[in-house]
Amino acid sequence: MFTRARGDAAKIFVLWLPVAVFVAVGFEHCVANMALFSLAILDGSAGFGDLFRNLMFTVPGNVVGGGLLVGAVYWFTGGALREGGASTSV
């Protein structure tokens, strides 16, 4: 959608919308959690055990969700390249 948007405001909206939905649904991201827990550790409201316990679940979930599911979609939509429909030689 980003590449098809013409104006800057439209591109910002298209980038902002999936992030807002991701946060609103309550999904967790391991990199964002590391930043959040680092601030909580400095504040004293969380410990390193809390961080590791959280990362124990978010890292495998992000690998499966981002790595396998997104990779599977790219593989599925790139069918023309697998079947020889497009040339990648230089």
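Quick note: structure is the one above.
We now turn to the structure provided with this report. (Residues numbered from 1 in each chain as written. Predicted model: local features only at pLDDT ≥ 70, side-chain atom pairs only at ≥ 80, totals over all residues. Heavy atoms only, no water.)

Digging into the overall build of the protein chain
- For the protein chain, the count of helices and strands is four helices and zero strands.
- Seen in sequence order, the protein chain has helices and strands lined up from the N terminus as α-α-α-α.
- Looking at the protein chain as a whole, 14% of its 90 residues are labelled buried.
- Of the contacts made within the protein chain by residues no fewer than 6 positions apart, 28% connect residues no fewer than 24 positions apart.
- Entry remark: accessible area of the protein chain is about 7300 Å², with carbon and sulfur atoms responsible for 71%. (Helix = DSSP H or I, 4+ residues; strand = E, 2+ residues; numbered from the N terminus. Buried < 20%, exposed > 50% of the residue type's maximum accessible area, 1.4 Å probe, protein only. Contact = heavy atoms within 4.5 Å. Areas by Shrake-Rupley, 256 points an atom, 1.4 Å probe, with all protein chains shown as cover.)

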